[in-house]
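Topology and contacts: notes
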Amino acid sequence: MKLSGADIVCESLIREGVDVIFGILGGTILPLYDKLPGYPQLRHILVRHEQCAAHSADGYARATGKVGVCFATSGPGATNLVTGIANAYLDSAPMVAITGQVARPLIGKDAFQEVDITGITLPITKHNYLVLEASSIARTIKEAFYLARTGRPGPVLIDIPRDVFMEEAEFHYPAKLSLTGYKPVLEGHPTQIKKAVKLINEAQRPLIIAGRGIIISGASAELRHLAETSQVPVVTTLLGIGSFPESHILSFGMIGMHGTAYANMAVDNADLIIAIGMRFDDRATAKVSGFAPAGRIIHIDIDPAEIGKNVRVDVPIVGDARVILKEINKLLVPVQHLQWVRQLDEWRKEHPSTAVRYSEGLLPQFVVRKIYEVTKGDATIVTGVGQNQMWAAQHFWYDHPTSFISSGGLGTMGFGLPAAIGVKVGCPEKTVWCVDGDGSFQMTLHELATVAQENVGVKIAILNNGFLGMVRQWQELFYEKRYVATRLSGPDFVKIAEAYGIPGVRVKYKEEVAPAIERAMAEPGPFLIDFVVEPEENVYPMVPPGASLAEVMEAPVTEAKPLSDSAKLPVSNI
Amino acid sequence: MASKHTLVAVVENRPGVLNRMASLFRRRGFNIESIAVGHSEIPGQSRVTLVVDGNTTIVEQVRKQLDKVIDVIKVTDLTDSEMVDRELALIKVKASSTTRNEIMQIVNIFRANIIDVGFDSVTVEVTGDEDKIDSLCNLLRGFGIKELARTGRIALARGGAGPAAGEKGTSKSAGQSH
Ligand SMILES: Cc1ncc(C[n+]2csc(CCOP(=O)(O)OP(=O)(O)O)c2C)c(N)n1
Ligand SMILES: [Mg+2]
């Protein structure tokens with residue numbers, strides 16, 4: 001059967017199980033868009049900026065585990081995707097981006113809206129393609145989806161010239177792939193697994209650091225089994241949040257620059273670190289030379305290049321976290337580390353890193369805590385970048401693997417709203433809250449139009465401190481309070497929402513917080529709350545840049561008490 | 001300790017593959033001494049020989065990062081195995097009627113060839129390992145080298161073993177066998 005290149009794209013996407021595409025069209029990709037009405041299974045969501053097409057596809061992918069798809073036209077459409085692609089690359093989110101390209105005879109001639117997008121995205125994609133015949137579209141799409149979702153997932157870009165969309169070719173979707181250069185290892189090496197088990201069975205002060213790899217491979221149950229059988233406390237990276245239930249007695253929160261003091265102390269004192277699906281990012285390890293000074297390290301990761309990249313590793317195991325944990329679990333001898341766990345509990349009591357202090361004014365931490373209380377934790381939180389992101393990470397209990405979605409590796413302001421749209425579109429039954437900063441929100445607030453047009457029922461909580469808060473915090477602590485270019489005059493967000501046809505309220509007082517959140521929840525569609533919070537509140541604990549995890553700065557004592565609310569303790573302790 | 005490593009990458013002969021490799025070296029700050037590319041014994045696959053200067057950890061990273069490039073089929077570090085390696089150089093040397101004989105003697109000792117004779121120069125072709133080529137260059141420098149072109153190292157494992165295409169991964173299978 002002969003089909004046009006554009007039809008082949010659509011047929012192939014359907015065969016890959018695609019149901020949603022985020023994008024914006026233009027001249028070179030118009031022949032593809034022209035065919036979309038013939039494929040009602042493919043829902044197209046028109047965004048307002050291509051960066052957000054990529055972020056929405058990214059959010060969709062993280063929430064559903066499926067490959068997110070975005071479309072853009074050549075030239076500026078394609079370059080606008082770049083931030084979103086880089087974001088997905090650094091956080092290993094599976095994505096396929098399809099861009100239009102100028103027609104073949106014009107390539108290399110600096111034609112109107114021609115850019116070398118495969119060249120530009122070379123270092124931020126897992127792989128990319130420029131397709132030069134309609135007859136290779138099907139194979140390319142098959143490969144792209146396979147590459148995007150397997151091994152260490154990531155974004156793949158396919159650039160298709162305008163005339164290739166219009167060229168006809170025989171269509172049959174290949175059943176098999178031939179990627180000789182790509183064979184991700186799933187099973188761990190048995191000898192390495194035995195070595196790891198020996199270390200686990202013999203450790204006195206073992207600690208698991210769980211990363212996003214656990215979530216990607218769906219290894220939460222296996223992780224829990226390991227933690228419980230060998231009584232190993234669990235801490236997570238920022239993107240590992242939710243991989244292990246935070247209300248579990250063995251959960252000690254997040255490590256890193258804004259991790260809990262006790263999680264960082266645990267890393268500092270552990271005699272064995274079991275790092276799973278994480279890559280020792282500098283925000284997580286702080287000063288690498290001071291990382292886990294007393295600990296041997298088992299590193300489980302699917303990407304061989306992550307082994308030994310940043311820290312020395314004693315037992316590396318390359319493979320899929322779930323497959324490897326299953327094997328490890330078979331060999332475990334049940335043990336207890338009562339003293340060690342008690343020690344961590346003690347540190348947790350002495351250093352209540354997630355307590356919300358008493359304040360007359362409205363604290364951002366208090367807002368996050370109330371969202372937790374009103375939703376009873378049954379929500380997916382998607383964040384902006386900055387203080388809002390850290391407060392969202394610290395003051396909500398995440399018990400489900402995909403309940404916290406955030407831009408970790410790239411730290412992209414503006415990720416929140418478009419990603420939340422992607423999450424809600426992918427999981428319409430879930431309650432989705434976008435917890436954002438006033439600065440981050442303003443980077444992509446045009447997506448309120450997408451929210452309105454598609455009636456995406458996301459709830460938006462802006463922690464409006466009138467500052468690029470995280471940078472202001474650095475200026476306060478490390479630049480003698482020279483607040484250069486961090487003061488931010490925002491618009492009236494409630495009026496902005498209203499202009500887009502979205503209801504919203506402004507909240508200035510503590511008493512209004514819970515009722516406003518309840519009102520948002522009662523609303524069937526989208527809702528925005530502008531929380532006017534204390535402008536100069538800081539995120540604590542904090543490991544200063546360049547310091548090691550042990551040198552954690554806690555909230556000044558006057559700030560830490562009295563408590564208006566409990567610290568984030570495991571439920572069984574309250 | 002830093003030392004020179006010879007890596008061999010068998011790659012799909014597709015547009016962009018060299019670009020991908022070069023981009024990776026630049027981005028991660030890997031110091032590549034030489035790179036030589038040409039067809040391999042398998043149609044559609046090229047063989048890239050790289051000389052990397054660095055300690056074992058860095059070279060391991062180069063190898064693993066290269067292996068991640070989808071169009072790279074296999075990467076092998078030949079350094080610790082028995083290998084034969086060669087480089088080719090073309091050297092254009094200033095030569096007058098008085099020095100020409102002396103140059104020819106040196107060329108003979110090195111089993112090199114003179115492949116072109118000009119009015120005031122001769123062009124020497126030499127193959128061998130780097131040391132040999134370096135020594136010849138040093139000797140000829142006294143006469144004045146007008147132009148020099150070197151190919152960079154190419155290498156094969158001795159005997160039957162080799163990085164023939166097939167399973168991805170190398171003898172140091174995915175970094176596990178420490
Ligand atoms: C696109 C982008 N530009 C700049 C930065 C640097 N940056 C990190 S946090 C931050 C401030 C964020 O301000 P806001 O969104 O209001 O969040 P807050 O910290 O106040 O909660 C900035 C500018 C960034 N991460 N991303
Ligand atoms: Mg702010």
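A separate point is the overall build of chain A. Secondary structure assignment for chain A yields 23 helices and 20 strands. The globule rule puts the C-alpha radius of gyration for 574 residues at 25 Å, and the 24 Å found for chain A is close to it. In terms of overall dimensions, chain A has C-alpha extents of about 70 × 60 × 40 Å along its principal axes. Of the side chains in chain A, 53 bear a positive and 61 a negative charge, and the two mean positions are spaced by 4 Å.

Our focus in this paragraph is the environment of Val543 of chain A. Residue and element names in this part refer to chain A. Considering the arrangement of structural elements, one finds Val543 in the loop between strand S20 (527-532) and helix H23 (557-560). Along the chain, Val543 and Ala286 lie 257 residues apart, while their C-alpha atoms are 7.2 Å from each other. When neighbours within four sequence positions are excluded, Val543 is seen to be in contact with Gly256, Met257, Asn264, Ala286, Ser548, Leu549 and Val552.

This part takes up the packing of aromatic side chains. Evaluation of the coordinates by the stated rule reveals 14 aromatic pairs over all chains. A network of ring pairs unites the aromatic residues Tyr372, Phe396, Trp397, Tyr398 and Phe404 of chain A as a single cluster.

Let us look at the interface of chain A and chain B. Quite often, the size of an interface is put as the accessible area lost when its parts meet. Contacts between chain A and chain B engage 25 residues on the former and 24 residues on the latter. At the boundary of chain A with chain B, total buried surface from both sides reaches about 2100 Å², with 51% on carbon and sulfur atoms. Applying the counting criterion to the chain A and chain B interface returns one salt bridge. Of the charged contacts in the structure, one is a salt bridge between Lys68 of chain B and Asp303 of chain A, with a shortest N-O distance of 2.6 Å. Between chain A and chain B we count six residue pairs in polar contact (both at pLDDT 80 or more) in total.

This part takes up the domain arrangement of chain B. On domain assignment, one finds that chain B holds domain 1 (2-80) and domain 2 (84-150). The gap between the C-alpha centroids of domain 1 of chain B and domain 2 of chain B is 30 Å.

Side-chain pairs of opposite charge can arise where the charged atoms are in close proximity. Residue and element names in this part refer to chain A. The final tally for this structure, using the stated rule, is 41 salt bridges over all chains. Measuring nitrogen to oxygen at the nearest pair gives 3.3 Å for the salt bridge that ties Lys66 to Asp19. Here Asp19 lies in the loop between helix H1 (5-15) and strand S2 (20-23) and Lys66 lies in the loop between helix H3 (50-64) and strand S4 (68-72), a separation of 47 residues in the sequence. A residue is classified by how much of its surface remains accessible, and Lys66, at 33% relative accessible area, is partly exposed. Relative accessible area serves as the criterion here: at 31%, Asp19 is assigned to the partly exposed category. Notably, a salt bridge pairs Asp345 with Arg348, separated by 3.0 Å at the nearest N-O pair.

Residue and element names in this part refer to chain A. Judged by nonpolar contacts, the single largest core of 47 residues is most densely connected at Phe22, Phe441 and Ile460. Take this core: its biggest share by element is six residues, from helix H17 (residues 416-426). Here this core spans two domains, since at least three of its residues come from each of domain 1 (2-170) and domain 3 (356-539). If we skip the residues at most four places from it in the chain, Phe441 touches Leu417, Asp436, Leu448, Ile460, Ile462, Phe493 and Leu528. Counting residues in hydrophobic clusters, the runner-up holds 40 residues, among them Ile8, Cys10, Phe71 and Val156.

Attention now moves to the site of ligand 1. Residue and element names in this part refer to chain A. Taken together, 17 residues lie near ligand 1, and Gln387, Asp438, Gly439, Ser440 and Gly469 sit nearest. Contact distances for ligand 1 include 2.8 Å between a nitrogen atom and a backbone N or O atom of Gly411. Here an oxygen atom of ligand 1 and a side-chain polar atom of Asn465 are 2.9 Å apart. Broken down by secondary-structure element, the contributors of at least two residues to the shell around ligand 1 are helix H16 (387-394), helix H18 (438-444) and helix H20 (469-478). The element contributing the most residues to the shell around ligand 1 is H18, with four residues. Residues of the shell around ligand 1, tallied by class, amount to seven nonpolar, nine polar and one charged.

Attention now moves to helix H15 (residues 364-375) of chain A. Since the α-helix packs 3.6 residues into each turn, any two residues three or four apart lie on the same face. Residues and elements named next belong to chain A. The end-to-end C-alpha separation of H15 is 17 Å, in line with the 16 Å expected for twelve residues at 1.5 Å each. Across the twelve residues that make up H15, a large majority, eleven, are buried. Among the residues of H15, Pro364, Gln365, Phe366, Val367, Val368, Arg369, Lys370, Ile371, Tyr372, Val374 and Thr375 are the ones counted as buried. Contacts made by the buried residues of H15 are with strand S15 (380-383), H16, strand S17 (432-437), strand S18 (459-464), helix H22 (510-522) and S20. Downstream of H15 by a residue or two, Lys376 has a phi angle that is positive, lying close to 55 degrees.

As a further point, take the side chain of Thr380 of chain A. Structurally, Thr380 of chain A is set in strand S15. Setting aside its immediate chain neighbours within four residues, Thr380 of chain A contacts Thr402, Ser403, Ile405, Val423, Lys430, Thr431, Val432 and Trp433 of chain A.

Before going further, it helps to spend a moment on the pairing of strand S19 (residues 504-507) of chain A. The side chains of a regular strand alternate, first on one face of the sheet and then on the other. Residues and elements named next belong to chain A. As defined by bridge partners, S19 adjoins S20 across four bridges and the pair is classed as parallel. Looking at the pairing, Arg506 lines up with Asp530 of S20. Handedness of the β-α-β unit built from S19, H22 and S20 comes out right-handed.

Another point: the sheet that holds strand S6 (residues 127-130) of chain A. All names here are of chain A. Here six strands make up an open sheet; going across it, the order is S3-S2-S4-S5-S7-S6 and the pairing parallel. Each having just a single partner strand, strand S3 (43-46) and S6 make up the two edges of the open sheet. For this sheet, the mean inter-axis angle between neighbouring strands, taken without regard to orientation, is 20 degrees. Both S2 and S4 contribute to a ladder of two bridges, which runs parallel. Residue pairing across strands places Phe22 opposite Cys70, the latter belonging to S4.

Residues and elements named next belong to chain B. Together, Leu18, Ile35 and Val37 make up an exposed nonpolar region whose accessible area comes to about 240 Å². Tracing the backbone through its elements, the reader meets Leu18 in helix H1 (residues 17-28). Leu18 sits in the partly exposed class, given a relative accessible area of 40%.

This part covers empty space enclosed by the protein. Summary: where empty space remains is shown by rolling a probe the size of a single water molecule over the atoms. All names here are of chain A. Applying the stated criterion to the full structure yields two cavities of 30 Å³ or more. Considering only enclosed or pocket space, the second largest cavity measures out at about 70 Å³ in volume. Lining the second largest cavity, in full, are Arg62, Arg212, Ile215, Leu239, Pro401, Thr402, Phe404 and Ile405. Put simply, the parts of the chain that give the lining of the second largest cavity at least two residues each are helix H9 (212-217) and strand S16 (404-405).

Another point: the side chain of Asn465 of chain A. Position of Asn465 of chain A among the secondary structure elements: in the loop between S18 and H20. Those residues in contact with Asn465 of chain A that sit more than four places away from it in its chain are Gln387, Asp438, Val533, Glu534 and Pro535 of chain A.

Next up on the list: H17 of chain A. In terms of residue burial, H17 of chain A counts as a mostly covered element, since ten of its eleven residues are buried. Of all the residues in H17 of chain A, the buried ones are Gly416, Leu417, Pro418, Ala419, Ala420, Ile421, Gly422, Val423, Lys424 and Val425 of chain A.

A word on unusual backbone geometry. Residues and elements named next belong to chain A. Omega for the peptide link from Tyr540 to Pro541 comes to -5 degrees, which places this bond in the cis form. Following the sequence through the fold, Pro541 ends up in the loop between S20 and H23. With a phi angle near 50 degrees, Ser92 is a residue other than glycine that sits in the positive phi range. Of note, Ser92 is situated in the loop between helix H4 (76-90) and strand S5 (95-101). One non-glycine residue with positive phi stands out, namely Asn455, at about 45 degrees. Secondary-structure assignment places Asn455 in the loop between helix H19 (448-454) and S18.

Criteria and cut-off values
- Residues numbered from 1 in each chain as written.
- Chains lettered and ligands numbered in written order.
- Predicted model: local features only at pLDDT ≥ 70, side-chain atom pairs only at ≥ 80, totals over all residues.
- Heavy atoms only, no water.
- Helix = DSSP H or I, 4+ residues; strand = E, 2+ residues; numbered from the N terminus.
- Rg over C-alpha atoms; globule rule 2.2 N^0.38 Å.
- Lys, Arg positive; Asp, Glu negative; His and termini not counted.
- Charge placed at Lys NZ, Arg CZ, Asp CG, Glu CD.
- Contact = heavy atoms within 4.5 Å.
- Phe/Tyr/Trp six-rings, centres within 6.5 Å; stacked < 30°, edge-to-face > 60°.
- Buried area = accessible area lost by both parts, 1.4 Å probe.
- Salt bridge = Lys/Arg side-chain N within 4 Å of Asp/Glu carboxyl O.
- Polar contact = N/O pair within 3.5 Å; in protein donor to acceptor, adjacent residues only side chain to side chain.
- Domains from an automatic or database assignment.
- Buried < 20%, exposed > 50% of the residue type's maximum accessible area, 1.4 Å probe, protein only.
- Core = buried A, V, L, I, M, F, W, Y, C linked by side-chain atoms within 4.5 Å.
- Near = heavy atom within 4 Å.
- Nonpolar A, V, L, I, M, F, W, Y, C, P; charged D, E, K, R; others polar.
- Expected span 1.5 Å × (residues − 1).
- Pairing = 2+ DSSP bridges.
- Right-handed = clockwise from strand over helix to strand, strands pointing away.
- Axes fitted to C-alpha atoms, helices over the stretch in contact; angles between N-to-C directions.
- Patch = residues over 30% accessible without salt bridge, like charges linked within 9 Å, V, L, I, M, F, W, Y side chains within 5 Å.
- Areas by Shrake-Rupley, 256 points an atom, 1.4 Å probe, with all protein chains shown as cover.
- 1 Å grid on protein atoms, 1.4 Å probe; cavity = no way out; pocket = protein on both sides within 12 Å on 5 of 7 lines; lining within 4 Å.
- Points joined across faces, edges and corners; volume = space filled by probe spheres on them.

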